[in-house]
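# What the coordinates show
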Amino acid sequence: MADWGLVTYTVLEVLIAVACCLGNVLVVCAVAVGIQDCLREPTFCFLVSLAAADFLVGAAAVPLAVLLDGWVSLTSHQCLFLSCIVLVLTEASVLSLLAIAIDRYLRLHMPFRYKAIVTQRRTLLALSVCWILSFLLGFTPLLGWHNLSVAGTHSTNTSSTLPNSSQCTFLSVISLPFMVYFNFLGCVMAPLLVMTFLYIVIFWSLHKRLKNSCPQARASLLREKRLACSLALVLMLFAGCWIPLHLMNCLLLFQGPQAVTQGPLYTGILLSHANSAVNPVIYACRIPKIQKAYGQIWKRLVLKLNCFTRNKPIQQSVATH
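The structure reproduced in this document is the subject of the present report. Just so it is clear, the structure is predicted and the values come from calculations on it, not from any experiment.

## Things to note about the packing of aromatic side chains
Tallying each qualifying case throughout the model produces nine aromatic pairs. Residues Phe 81 and Phe 139 carry aromatic rings whose centres are separated by 5.4 Å and whose planes lie at 15° to one another, so their mutual orientation is stacked. Taken together, the positions of Phe 81 in helix H3 (residues 76-109) and Phe 139 in the loop between helix H5 (120-138) and helix H6 (170-173) put the pair 58 residues apart, joining distant regions of the chain. By relative accessible area, Phe 81 is classed as partly exposed at 40%. Judged by centre distance (6.4 Å) and plane angle (70°), the ring pair of Tyr 181 and Phe 254 falls under edge-to-face. Of this pair, Tyr 181 sits in helix H7 (residues 176-211) while Phe 254 sits in helix H8 (residues 215-255); the two residues are 73 residues apart in sequence, bridging distant segments of the chain. Judged by its relative accessible area of 44%, Tyr 181 falls in the partly exposed class. Among the aromatic residues, ring-to-ring pairing joins Phe 81, Phe 135 and Phe 139 into one connected group.

## Details of helix H2 (residues 42-67)
In this model, H2 (26 residues) spans 36 Å end to end at C-alpha, consistent with the 38 Å of a helix rising 1.5 Å per residue. Taking the largest bend as the criterion, H2 deviates by roughly 45°, centred on Val 57. Along H2, 19 of the 26 residues are buried, which leaves the element largely enclosed by surrounding structure.

## Some remarks on the side chain of Glu 13
Here Glu 13 shows up in helix H1 (residues 3-34). Looking at Glu 13, its side chain comes within polar contact range of the side chain of Tyr 9, at 2.8 Å.

## Topic: the pattern of salt bridges
Any two side chains of opposite charge can pair if their charged atoms end up close together. In total, this model carries four salt bridges according to the counting rule given. The partner of Glu 41 in a salt bridge is Lys 289, and the shortest N-O contact between them spans 2.8 Å. Here Glu 41 is found in the loop between H1 and H2, whereas its partner Lys 289 is found in helix H10 (residues 288-320), with 248 residues between them in sequence. Given the relative accessible area of 29%, Glu 41 is considered partly exposed. For Lys 289, a relative accessible area of 41% translates into the label partly exposed. Arg 104 serves as the salt-bridge partner of Asp 103, at 3.4 Å between the closest nitrogen and oxygen. Each member of the pair, Asp 103 as well as Arg 104, is classed as buried. When salt bridges with common partners are traced through the structure, they connect Asp 103, Arg 104, Arg 107 and Glu 224 into a single cluster.

Parameters at a glance
Residues numbered from 1 in each chain as written. Predicted model: local features only at pLDDT ≥ 70, side-chain atom pairs only at ≥ 80, totals over all residues. Heavy atoms only, no water. Phe/Tyr/Trp six-rings, centres within 6.5 Å; stacked < 30°, edge-to-face > 60°. Helix = DSSP H or I, 4+ residues; strand = E, 2+ residues; numbered from the N terminus. Buried < 20%, exposed > 50% of the residue type's maximum accessible area, 1.4 Å probe, protein only. Expected span 1.5 Å × (residues − 1). Bend = angle between axes of the 7 residues up to and from the residue. Polar contact = N/O pair within 3.5 Å; in protein donor to acceptor, adjacent residues only side chain to side chain. Salt bridge = Lys/Arg side-chain N within 4 Å of Asp/Glu carboxyl O.

Below, the structure written as structure tokens:
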């Protein structure tokens, strides 16, 4: 990539990282502080988990993506470990989305048993399982499915794409077969297909119930439909932002390094990271409780700023006397 292209890529990554951190901190604050008793609602607990993963994308994954582009010289095992962190955060997002889809399905199809089944303790247990699985799946390359054993021979399609074997780059240590067969097909596409099926069932069920519902139940079902639409939109954006990069990995594996130039590859990386910055905007535009919480947070900030600006002249006048 030309120097100007690399600079543009780095600047865009910095902007995405800042947006990820600020936006998702606001989401966590909105849910934890602005919405009363929201952490007792499983859906919002899983949204906080997704926001935490998106925040870590901005705080850790994006900086690592820039560093793992040949900017730093690390040992091969250090490079492999840092590359795995990016995989962990991607998997945390996927599993949080899956947990949200399962929660909405249970809420709709077991309305009378839902509160007995989905308790706060089980919700926290599900969150723990999501993150533990994310670490186990993300750190799978450390168990041996990597390029370190062949990096010196330059005999694989992955290592042959490297500009310099001493540089730390993602594809210098992470195997393309791992990225395609295990990460894409097993850890991303399989959960996405399950979630797609669950949302199809949810919308079909809501459509039938709305046709036969009484006016009292209709309002509740419409709220449920609006929330389901918002969460399905988050899922579609995730798929739309991540699948292009995975498809490019497929091309690299099956057709070689000449199949994908650096421009589209960097665009795919930027698109995947931008997904974590877009989610807070979706929550703000589509979920009324979070909209209201955002408004309360901004009002508090404005009030504090007004108090600060009013007190400052008073302090200055006291100091002069």
